[in-house]
Amino acid sequence: MKPKTRVLVAMSGGVDSSVAAMLMKKKEFDVIGVFMKNYSDSKNEFGECSWKDERKMAMKISSLLGIPLITLDFEKQYKKEVIKKMFQDYRKGITPNPDIDCNQKIKFPLLIKAMKKFGAEYLVTGHYSRIKSVSRGAGGQGDGGGIIEYQLLRARDEMKDQSYFLYRLKQEELRYLKFPIGNFTKNQVREIARKNNFPNYDKKSTVGICFVGKVNLKDFLKKKIKPKKGKILSPEGKTIGGHDGIYYYTIGQRLGSRYGIEVSKNTDDKRFLKRWYVARKDAKTNIIIAAPENNPLLFRKEIFIKNAHWINKGNLRLTPKIRSQMGGRVGKKQNEVKVLARIRQVGELLPCKIIFGKKIKVILKKPITGISEGQAIVLYKGKKILGGGEIRF
């Protein structure tokens, strides 16, 4: 009798990873569950470590499925690679995405290493995304005669799609990954869990910082970044208020006493009757420039990509210089590519074009608000994720 293929399933205690594990068990895989302890500073309402509650739920699901559950402690690596970098970035006045950093530096590389250690062939997670394998011939076409290339696709449930957080996956990682719930909607996943009597079938989805949870970001940052008073200027350069540190505020954030940052309204200027937002931040001078809604200063159309990563290096028409760095050739005039861009997890897919030169430039078809340096921009061609990078101006 042929032995079952072993898989390692990342189990968080949530409904998505629980159903992912169940689906693999039903497909006759030899399933081992693994729970990651990445952050122990968060507490529940009783003052207990939140991760213990999550592990208890993962243990309940593992017991129901009749599979072992292993706990791996990655807290030291997580704090060094994700949390420390997050504080460093905020201190510079940019807005990082710790969820993406966690996937790139902790979750996938360390779990794939664990997968191999435990003799498993695949790593399974409860992400809403899909993976497609394509056979590439010697000429780079899908003629079925050559190298297997892996493509990352958006999930069937567009409202739950998590491909934005996965854009930094590498080919050598994708070959080991399975996302079994990528073709299901969230409601379908919950219904599967309910029918199988999973106690977490109606458990709320996690929010906030990856593995840290929902926290008041300003209070969280104050643990490592001390307040520093600075000015708030109008678009014309007039002082209209003060703040306690640019690192606590993001581009597009609304101003007002309820949001912890106020501007003076002792003026006859009718603009002050409108909502005001953070338009610009200057880390060197510790100055925030604010603007009323619909002010041109709030909008951006052109951005640059730093630390670009491409999932499939052959699916973009690039300049000879860039393409030579990535492998292959291209015509001299083929330095523009029309794609779709996303700057938030389930934000609108924005038509744009990429221009490859000394820097990689993205020009949006229409200017939008709320773009911050450090945010991720992820690029799509149809359902396929091309790659992305960090936003810079």
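Our structure's up above, just so we're on the same page.
Here goes a summary of the coordinates provided. Keep in mind that what you see is a predicted model, and the values were worked out from it rather than measured.

Our next topic: the environment of Gly374. Assignment of secondary structure puts Gly374 in the loop between β15 (360-369) and β16 (376-381). Using a relative accessible area of 10% as the deciding quantity, one classes Gly374 as buried. In this structure, the C-alpha to C-alpha distance between Gly374 and Lys306, residues 68 residues apart in sequence, is 8.9 Å. In this structure Gly374 touches Ile94, Thr95, Pro96, Asn97, Glu390, Ile391 and Arg392, once residues within four positions along its chain are discounted.

Quick look at the sheet that holds strand β2 (residues 30-37) now. One open sheet accounts for 5 strands, arranged β3-β2-β1-β4-β7; its pairing is parallel. Looking at the sheet topology across the chains shown, the edges are occupied by β3 (69-73) and β7 (177-178). As paired elements, strand β1 (residues 6-10) and strand β4 (residues 122-124) share 3 bridges and run parallel to each other. Within β4, the residue paired with Val7 across the bridge is Tyr122. Against the sheet, helix α4 (residues 98-117) engages β1, β2, β3, β4 and β7, with an angle of about 130° to β4.

What follows concerns the side chain of Asp101. Relative to the assigned elements, Asp101 resides in helix α4. At a separation of 3.3 Å, a polar atom in the side chain of Asp101 contacts the side chain of Lys85. If near-sequence neighbours (up to four positions away) are discounted, Asp101 is found in contact with Val82, Lys85 and Ile106.

Further remarks concern the packing of helix α3 (residues 75-91) against α4. Helix-helix packing is characterised by the crossing angle of the two axes and by the distance between the axes. Viewed as axis vectors pointing N to C, α3 and α4 meet at an angle of 165°, and their least axial separation amounts to 9 Å. Our classification of the angle between α3 and α4 gives roughly antiparallel. With respect to the hand of their crossing, α3 and α4 are arranged in right-handed fashion. Touching Gln77, Tyr78, Glu81, Val82, Lys85 and Met86 of α3 are Pro98, Asp101, Cys102, Lys105, Ile106 and Leu110, all from α4. Residue composition of the contact of α3 with α4, by class: 7 nonpolar, 1 polar and 4 charged.

It is worth spelling out unusual backbone geometry at this point. Its identity is not glycine, yet Asn294 carries a phi of approximately 75°, on the positive side. For Asn294, the location among the structural elements is in the loop between β11 (287-292) and β12 (299-310). The exposure class assigned to Asn294 is exposed, which follows from its relative accessible area of 61%. Despite not being glycine, Asn307 has its phi angle at roughly 55°, a positive value. Along the chain, Asn307 falls in strand β12. The exposure class of Asn307 is partly exposed, given its relative accessible area of 40%.

Analysis parameters
Residues numbered from 1 in each chain as written. Predicted model: local features only at pLDDT ≥ 70, side-chain atom pairs only at ≥ 80, totals over all residues. Heavy atoms only, no water. Helix = DSSP H or I, 4+ residues; strand = E, 2+ residues; numbered from the N terminus. Buried < 20%, exposed > 50% of the residue type's maximum accessible area, 1.4 Å probe, protein only. Contact = heavy atoms within 4.5 Å. Pairing = 2+ DSSP bridges. Axes fitted to C-alpha atoms, helices over the stretch in contact; angles between N-to-C directions. Polar contact = N/O pair within 3.5 Å; in protein donor to acceptor, adjacent residues only side chain to side chain. Parallel < 35°, antiparallel > 145°, perpendicular 65-115°, else oblique. Left-handed = near helix turned anticlockwise from the far one by under 90°. Nonpolar A, V, L, I, M, F, W, Y, C, P; charged D, E, K, R; others polar.

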